[in-house]
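Residue-level structure breakdown
Listed below are the residues making up each chain.
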Amino acid sequence: RQPQLLQDAHNSSVLNNDVVGAFLQGGRVARLRRPVEIQFWHNTVLDASNATCVFWKPGDGAGSAGSWSKEGCRTTHREGTVICHCDHLTYFAILLLPVEALSPAQLASLTHISTVGCSLSAAATLCTLLLCCFSSTRCPPLSCRQRLRDNTTRIHMHLLTALLLLNCSFLLSTPMADGTEGLCRATAALLHASLLCALAWMAAEAFHLLLLLVKVYNIYIQHYLLKLCLFAWGEYAPAWLRLPTAWLPWHDPTQPVPGPAGLPTLAVVAVFAFKRDTYGYQTINTSECYRNMTMCWLTSLPAHYATLCYAGLILLFNTLVLGRVMMLLRRNRWQKGQARKDWVTVLGLTCLLGTTWGLAFFSFGVFLMPQLYLFTILNSLQG
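In the nomenclature of an unreviewed UniProt entry, the protein chain is known as AGRG5 protein of Chionis minor.

Now the structure itself:
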């Protein structure tokens, strides 16, 4: 209980002024396969704070005493207890970092909104896909053939399929957190793959919009839909995995059916096979740390940041395409008197292109709470 000897340059606050040192004689202990578990008991309400497990990292220079670091440590919370899981031995403590934390009531309301919105989206996308399949069996052969050649409709159906998988896997992520670790990791991997595929199909929508409205002439691309599927879904399934083309009216029957392993999906499968601990239990902290919520999601910061970069690049491309289309419509406003109708179409395309997902990059400061509610409402209802 001498935290003044382990004080960093920011005068960080330590829970109950407790610092625990654990060592073994004869050498340095690090990179343990089975983490060491250290429990800190407390009888205080961790209000408007985030209790994080940290260890003391001595300074390199003579003028630097050192700093607290959370590298190699994972934090879990129970009522009255903070548990640290660390892969090395040194001085440990619980650092109290004042952050913008959700209250239990806010977390409950956001959870309710996302559950209702994703359920409605899943039902809407499923009904649309079923109606498309049902109508394909009743329309005249010529119109069916024309519909199958309509790339715009087929791209819409692929996006709806990706959104259906995304909503269903998200709804399963919280209840699966109460199950076994392997099942939770599989659910997290499915959620991650669905998110990447949905974002990829939003980019495909933007690229198709670019060809339709900006590059009107000479837009023929050989195996166009096949290349979009390779980008968003990926490889094609073997013959024994293919569904009858009557079940997939939005797909070109002259081409094979997309399989379950593609560019986004292949990356997730590779990570799941070689670094499975990337997926697992993810805790959403509240201001009262023992009233948190656990879901199945990414547990690795590098994977989280890589996903953000992937989403950021796609959203940047979609935003640029949408801006180019709006400039084109503004320039041609005086022609044909259909500018108002085109503007309404573009406003609808802001949802189709997923530009509302860009709200995720405004989760700081005074924007945090409005962003959380807007992001939850708009994106859960996207389907």
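Here the narrative resumes, following the displayed structure.
Notes on the sheet that holds strand E2 (residues 36-41)
Either a parallel or an antiparallel arrangement is found when strands of a sheet pair, and the pairing is made through backbone hydrogen bonds. Pairing within the open sheet is antiparallel, and its 3 strands lie in the order E2-E6-E5. A strand with exactly one partner marks an edge of an open sheet, and here the two such strands are E2 and strand E5 (73-78). Here the average twist between neighbouring strands, direction ignored, is 20 degrees. As defined by bridge partners, E5 adjoins strand E6 (residues 81-86) across 6 bridges and the pair is classed as antiparallel.

Comments concerning the state of the cysteines
Under the counting rule described, the total for this entry stands at 3 disulfides. The disulfide that involves Cys-53 links it to Cys-84, with 2.0 Å between the sulfurs. With the S-S bond torsion at -90 degrees, the cross-link from Cys-53 to Cys-84 turns out left-handed. Residue Cys-53 is found in strand E3 (residues 50-58), and its partner Cys-84 is found in strand E6; the two are separated by 31 residues along the sequence. Judged by its relative accessible area of 1%, Cys-53 falls in the buried class. The partner cysteine of Cys-73 in its disulfide is Cys-86, sulfur to sulfur 2.1 Å. Of note, the bridge from Cys-73 to Cys-86 carries an S-S torsion of about 115 degrees and is right-handed in sense. Pair noted here: Cys-73 is in strand E5 and Cys-86 is in strand E6, with a separation of 13 residues, a long-range link. Its relative accessible area of 15% is what places Cys-73 among the buried residues.

Things to note about the side chain of His-192
Structurally, His-192 is set in helix H4 (residues 181-213). Not counting the four nearest positions on each side in its chain, His-192 is found in contact with Val-268, Tyr-279, Trp-297, Leu-298 and Thr-307.

Quick notes on the packing of H4 against helix H6 (residues 263-274)
To characterise two packed helices, one gives the angle between the axes of the helices and the distance between these axes. In the contact formed by H4 and H6, the axes pass within 8 Å of each other and the chain directions differ by 155 degrees. What the angle tells us is that H4 and H6 run roughly antiparallel. The hand of the H4/H6 crossing is right-handed. Facing H4, whose interface residues are Arg-185, Ala-186, Ala-189, His-192, Ala-193, Leu-196, Cys-197 and Ala-200, H6 presents Pro-264, Thr-265, Val-268 and Phe-272. Split into classes, the residues belonging to the contact of H4 with H6 amount to 9 nonpolar, 2 polar and 1 charged.

Considering helix H9 (residues 368-380)
The first and last C-alpha atoms of H9 sit 18 Å apart over 13 residues, in line with the 18 Å expected at 1.5 Å per residue. Along H9, the positions that sit buried rather than exposed are Leu-368, Gln-371, Thr-376, Asn-379 and Ser-380. Angular distribution of buried residues about the axis of H9 spans 125 degrees; they occupy a single face of the element.

Digging into the nonpolar core
Leu-166, Trp-201 and Met-202 are the most contacted members of the largest nonpolar core, which has 39 residues in total. Counting only elements with at least two residues in this core, the list comes to helix H3 (151-173), H4, helix H5 (224-232), strand E9 (293-298) and helix H7 (301-331). Element by element, the count of residues in this core is highest for H4, at 16 residues. Among residues more than four places away in sequence, those in contact with Leu-166 are Leu-191, Ser-194, Leu-195, Ala-198 and Trp-357.

Here we look at unusual backbone geometry
Its identity is not glycine, yet Asn-17 carries a phi of approximately 60 degrees, on the positive side. Mapping Asn-17 onto the fold places it in strand E1 (residues 13-21). The residue Arg-31 is not glycine, and still its phi comes out positive at about 55 degrees. By secondary structure assignment, the location of Arg-31 is in the loop between E1 and E2.

Conventions adopted
- Residues numbered from 1 in each chain as written.
- Predicted model: local features only at pLDDT ≥ 70, side-chain atom pairs only at ≥ 80, totals over all residues.
- Heavy atoms only, no water.
- Pairing = 2+ DSSP bridges.
- Helix = DSSP H or I, 4+ residues; strand = E, 2+ residues; numbered from the N terminus.
- Axes fitted to C-alpha atoms, helices over the stretch in contact; angles between N-to-C directions.
- Disulfide = S-S within 2.5 Å.
- Buried < 20%, exposed > 50% of the residue type's maximum accessible area, 1.4 Å probe, protein only.
- Contact = heavy atoms within 4.5 Å.
- Parallel < 35°, antiparallel > 145°, perpendicular 65-115°, else oblique.
- Left-handed = near helix turned anticlockwise from the far one by under 90°.
- Nonpolar A, V, L, I, M, F, W, Y, C, P; charged D, E, K, R; others polar.
- Expected span 1.5 Å × (residues − 1).
- Arc of directions from axis to C-beta.
- Core = buried A, V, L, I, M, F, W, Y, C linked by side-chain atoms within 4.5 Å.

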